[in-house]
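# Structural overview
The lines below spell out each chain.
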Amino acid sequence: CLPVLLRQIANAHNHHLLFHASSVVGEAGGAILMPGQSGSGKSTLGIALGYRGWRFLGDEFALYDLAGSGFVPLARPASLKNQSIASLKQDVPSDRFSRIFHDTPKGTMAYLRPPTASLEAMDGAAPLSAVVFPRFVADQEPGIRRYRKAEALVELTNACVNFERLSEAAFDVLADWAERIPVFKITYPSIEKACEMICAIEAGLHESEDAS
């Protein structure tokens, strides 16, 4: 299962911070990290943004290079479940999808190949611009909240799979992020609304940079 696989990878990685997350890169070249538990919608959101012009770095795993180069691309096929398959089939060419797998332990599943542009940019790492913890909640009004610095550090620590193994090095990086990187939580009822919210967050980052 995924948690076991994550622990195995974490035990083998000493040069990257490992997150159970999807990640994308916006127009300005900064990465948005989207950690979340299974069912939060992070994989669907990440690949949906990829097919809306963002650079898709990866889903399920996000690797941050401790040497300082940023998030390393790992653009494997995105794992989609249940209603997320139908929602993306409306906008994505059918030849990018795998066949559909029915009656799996997680329900109906399919895999979606990343956009060609994302695959061609696999050599380019990206610095972090923002962290967004997404949560899909059907039939609920969308909501967004920015975490305070102390809250952000707790959430980032919990999202880092190999935090205990990398200890002081991991803490230094995450404490720095909590101090200077905006960290948000969003709840959303549809993938379209979630993409709008992520785009609004990125636009807000640009406005802050312009104001400074």
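Our subject is the structure listed above.
My aim in this report is to walk through the structure given alongside it, one point at a time. (Residues numbered from 1 in each chain as written. Predicted model: local features only at pLDDT ≥ 70, side-chain atom pairs only at ≥ 80, totals over all residues. Heavy atoms only, no water.)

Burial analysis of strand 4 (residues 61-65) places 5 of its 5 residues in the buried class, which makes it a mostly covered element. Because side chains alternate across strand 4, one face comprises the buried residues Phe61, Leu63 and Asp65, and the other comprises Ala62 and Tyr64, equally buried. Examined bridge by bridge, strand 4 and strand 5 (residues 70-72) share 3 bridges and lie antiparallel to one another. Among the inter-strand pairings, Asp65 is bridged to a residue of strand 5, identified as Gly70. (Buried < 20%, exposed > 50% of the residue type's maximum accessible area, 1.4 Å probe, protein only. Helix = DSSP H or I, 4+ residues; strand = E, 2+ residues; numbered from the N terminus. Pairing = 2+ DSSP bridges.)

A word on the pattern of salt bridges. Any two side chains of opposite charge can pair, so long as their charged atoms come close to each other. One pass over the full model with this rule turns up 7 salt bridges. One salt bridge in this structure joins Arg148 and Glu151, with 4.0 Å as the shortest N-O distance. Salt-bridge contacts for Lys149 lead to Glu179; the nearest nitrogen and oxygen are separated by 3.0 Å. Here Lys149, found in helix 5 (residues 149-159), pairs with Glu179, found in helix 6 (residues 163-180); they are 30 residues apart in sequence, far enough to count as distant. Overlapping salt bridges, with partners in common, bring together Arg145, Arg148 and Glu151 in one network. (Salt bridge = Lys/Arg side-chain N within 4 Å of Asp/Glu carboxyl O.)

Regarding helix 5, the residues found buried are Ala152, Leu156 and Ala159. In a view along the axis of helix 5, the buried residues occupy a sector of 60 degrees, so they form one face of it. Turned more than 90 degrees from where helix 5 packs its buried face, Ala150 and Asn158 sit exposed. Next to the buried residues of helix 5 lie strand 1 (16-25), strand 2 (31-35), strand 9 (128-136), helix 6 and strand 11 (183-188). (Arc of directions from axis to C-beta. Contact = heavy atoms within 4.5 Å.)

Moving on: the nonpolar core. Formed by 30 residues in total, the largest nonpolar core has its most connected members in Ile32, Met34, Leu45, Leu49, Val132 and Ile198. Among the secondary structure elements, those contributing two or more residues to this core are strand 2, helix 2 (42-50), strand 6 (78-81), helix 3 (83-89), strand 8 (107-112), strand 9, strand 11 and helix 7 (191-211). Per-element tally for this core: the top contributor is helix 7, with 7 residues. Those residues in contact with Ile32, other than ones at most four positions away along the chain, are Ser22, Ser23, Val24, Trp54, Ala130, Val132, Ile198 and Glu202. (Core = buried A, V, L, I, M, F, W, Y, C linked by side-chain atoms within 4.5 Å.)

Here we come to the packing of aromatic side chains. Following the criterion strictly, the structure yields 8 aromatic pairs and no others. Centroid distance Phe19 to Phe71: 6.2 Å. Interplanar angle 50 degrees. Geometry classified as tilted. Of this pair, Phe19 sits in strand 1 while Phe71 is found in strand 5, placing the two residues 52 residues apart along the sequence. With respect to burial, Phe19 and Phe71 carry one shared label: buried. Members of the aromatic cluster, joined through ring pairs, are Phe19, Tyr64, Phe71 and Trp177. (Phe/Tyr/Trp six-rings, centres within 6.5 Å; stacked < 30°, edge-to-face > 60°.)

By themselves, these observations are geometric and do not establish any function.
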